[in-house]
Amino acid sequence: DEYIEVLREHDLLEDQRLAYVALTRAENTLIATGHWWGPTQQKPRIPDAYLGKVRTTSAEFDEAIAHWHDQPEDEKNPYLEEVEGFAWPAPLEQPLKVRELAALVEGASEISHLELSSTDAALVAQWEDDSRVLIEEARKMREPVVNVALPASVSASVLIRAMREPEQLARDLARPMPSPSSQASSRGTAFHAWVETQYGQQSLLDPDDLPGSGDQDIISDEQLGELKEAFGRSAFAHLTPVAIEQPFAMVIGGRVVRGRIDAVFAANGRFDVIDWKTGSAKSADELQLALYRLAWSRIANVPLDHIDAGFLMVQTGEVLRPTLPDLSHLAQ
C-alpha cells in the first residue's frame, strides 16, 4: 500500500511536469483537446483535471472554447464495434507473384540511364535525410549511457554542479522542472538588496537574476533582522566597494559562464572579491570563489595574483579565505 501511494505521488509529479511544459511553451496560442473514448476501454473517460481548469479559465473569454462535447449517453465504445483487424505483414498467399514483383524491382534498379525528375529527386533526398535521422535516433535509444550536453550558456552555479554532481545535473537537464519558490529564497534576495542600499546602490534586475535568490538559509524574518545587524558589525560594513552585485559573462572552453559577484573592494593596489554567506560554512564552495576571482580578473584586466578572495560569514563576521583551485584546466 505504501508503494502504491509512492507511485501515485510520482504520477502526480509527472502530470505536473508535463502540464507545466505544455502550458508554458506556447508563444501565443494554446490548444487543449481531450477524448471520451480510447481504442480498448469499456467506459468513457472523464476530463482530466488540467483540461477542466483550462475550460474554466477559457470560459471567461469569448469564443475561447471551440467545442465541448458532453459525456456520451451511449455507454458502448464505438471503437470496439467499428475496428476491423488484419494481419501484418500480409500472409504470402501468392509467393510466385511476390517473386515476379521482386524481379521487376531488381530489373528496374539495374537500368543505368534512369533519371529522376527534380521533384522526385528532392523527395528521395528527403527520404534519405529522414532515414539517417531515424537510424541515429534508434541507435541512441539503444545506448546504455545517455550523454547530456551542457547548454552553450550556463550560470556559474550550474557549472559548479557540473563538476561537483554531474550525474544529478544531467538528470535535471534531461528532465527540467521549475524550482518552487520559497520564503527563504525571498529573504535571501531581500538581504542582498538591503546590503546594496547600505552602499548607496540598487540594481535593476530581472526576477530570474535576483541576487541571493539561491540563499535558502534565512528561515525567518527575525533571522533576517539579525543578519542585517551582524553585517553592520562586519569588517566590510564601512568600506566602499569598487563593485557591488557585479554581473559577468565570460567564455570558458567555448561556453558562456554567467554570474554575479557580491562585492569587490580595493586597497593597497590589490582587489578583494567577497561573497556574502548567510548560512554555515558548508555553503562556501571554493570553486565558486575561484570563478568569481577569474571573472573579476577579466573584467578589471588585472592578473589573478593581484586579486584576493574570501567568504564573509555574515552571522559570525568571520572571513574565510580557502585555498582556491587552479582553473587553468577548467576549459578542458
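Check the entry above for the structure.
Note that the structure is predicted; figures quoted are calculated from it, not measured.

Trainee: What exactly am I supposed to notice about the pairing of strand E3 (residues 255-267) here?
Mentor: The side chains of a regular strand alternate between the sheet's two faces. Bridge analysis of strand E1 (residues 153-155) against E3 gives three bridges, and the strand direction is parallel. Each bridged residue has a counterpart across the sheet, and for serine 155 the counterpart in E3 is arginine 258. In the sheet, strand E2 (residues 243-252) pairs with E3 via nine bridges, with the strands oriented antiparallel. From the neighbouring strand, alanine 249 faces E3, where its bridge partner is arginine 258. As paired strands, E3 and strand E4 (residues 270-277) are joined by five bridges and run antiparallel to one another. The residue of E4 that forms the bridge with alanine 263 is isoleucine 274.

Trainee: Looking at this model, I keep getting lost on the pairing of strand E5 (residues 307-313). Mind explaining?
Mentor: Counting buried residues in E5 gives six out of seven residues, a clear majority hidden from the surface. In this fold, the crossover linking E4 to E5 by way of helix H10 (residues 286-300) has right-handed handedness. Across three bridges, E5 lies against strand E6 (residues 318-320) in antiparallel orientation. The partner of phenylalanine 311 across the bridge, within E6, is leucine 320. Here E5 folds back onto E6 in antiparallel fashion, the turn holding four residues, of which glycine 317 has a positive phi close to 80 degrees.

Trainee: Explanation requested: a nonpolar patch on the surface in the structure shown.
Mentor: A grouping of Tyr3, Val6 and Leu7 is seen on the molecular surface, where their side chains present a nonpolar patch of about 320 Å² in accessible area. Looking at where leucine 7 falls in the secondary structure, it is placed in helix H1 (residues 2-24).

Trainee: Where do I start with the pattern of salt bridges in this structure?
Mentor: Opposite charge on two side chains permits pairing when their charged atoms draw close. For the structure on display, the rule yields 13 salt bridges. For arginine 164, the salt bridge goes to glutamate 286, with nearest N and O atoms at 3.7 Å. Of this pair, arginine 164 sits in helix H6 (residues 156-164) while glutamate 286 is found in helix H10, placing the two residues 122 residues apart along the sequence. Look at arginine 164 and you get partly exposed, because its relative accessible area is 46%. Measuring nitrogen to oxygen at the nearest pair gives 3.3 Å for the salt bridge that ties lysine 277 to aspartate 275. Since its relative accessible area comes to 9%, lysine 277 is described here as buried. Using a relative accessible area of 3% as the deciding quantity, one classes aspartate 275 as buried. When salt bridges that share partners are traced, they join Glu14, Arg17 and Arg175 into one network.

Trainee: Would you mind going over the packing of aromatic side chains with me for this structure?
Mentor: Geometry of an aromatic ring pair is reported as the spacing of the ring centres plus the angle between the planes. Overall, the coordinates contain five aromatic pairs when judged by the stated rule. A centroid spacing of 5.2 Å and a plane angle of 85 degrees characterise the contact between phenylalanine 231 and tryptophan 276, whose relative ring orientation is edge-to-face. With phenylalanine 231 in helix H9 (residues 221-232) and tryptophan 276 in strand E4, this residue pair connects regions lying 45 residues apart in the sequence. When sorted by exposure, phenylalanine 231 lands in the same class as tryptophan 276, which is buried. When the ring of phenylalanine 271 is compared with that of tryptophan 296, the centres are 5.6 Å apart and the planes differ by 70 degrees; the resulting orientation is edge-to-face. Taken together, the positions of phenylalanine 271 in strand E4 and tryptophan 296 in helix H10 put the pair 25 residues apart, joining distant regions of the chain.

Trainee: Would you mind going over the packing of H6 against helix H7 (residues 166-174) with me for this structure?
Mentor: Packed helices, taken two at a time, are described by the angle their axes make and the gap between the axes. Running from N to C, H6 and H7 cross one another at 125 degrees; their axes reach a closest spacing of 6 Å. Classed by the angle they form, the pair H6 and H7 counts as oblique. On H7, the residues touching Val158, Arg161, Ala162, Met163 and Arg164 of H6 are Pro166, Gln168, Leu169 and Asp172. Here the residues of the contact of H6 with H7 are counted per class, giving five nonpolar, one polar and three charged.

Rules used throughout
Residues numbered from 1 in each chain as written. Predicted model: local features only at pLDDT ≥ 70, side-chain atom pairs only at ≥ 80, totals over all residues. Heavy atoms only, no water. Pairing = 2+ DSSP bridges. Helix = DSSP H or I, 4+ residues; strand = E, 2+ residues; numbered from the N terminus. Buried < 20%, exposed > 50% of the residue type's maximum accessible area, 1.4 Å probe, protein only. Right-handed = clockwise from strand over helix to strand, strands pointing away. Patch = residues over 30% accessible without salt bridge, like charges linked within 9 Å, V, L, I, M, F, W, Y side chains within 5 Å. Areas by Shrake-Rupley, 256 points an atom, 1.4 Å probe, with all protein chains shown as cover. Salt bridge = Lys/Arg side-chain N within 4 Å of Asp/Glu carboxyl O. Phe/Tyr/Trp six-rings, centres within 6.5 Å; stacked < 30°, edge-to-face > 60°. Axes fitted to C-alpha atoms, helices over the stretch in contact; angles between N-to-C directions. Parallel < 35°, antiparallel > 145°, perpendicular 65-115°, else oblique. Contact = heavy atoms within 4.5 Å. Nonpolar A, V, L, I, M, F, W, Y, C, P; charged D, E, K, R; others polar.

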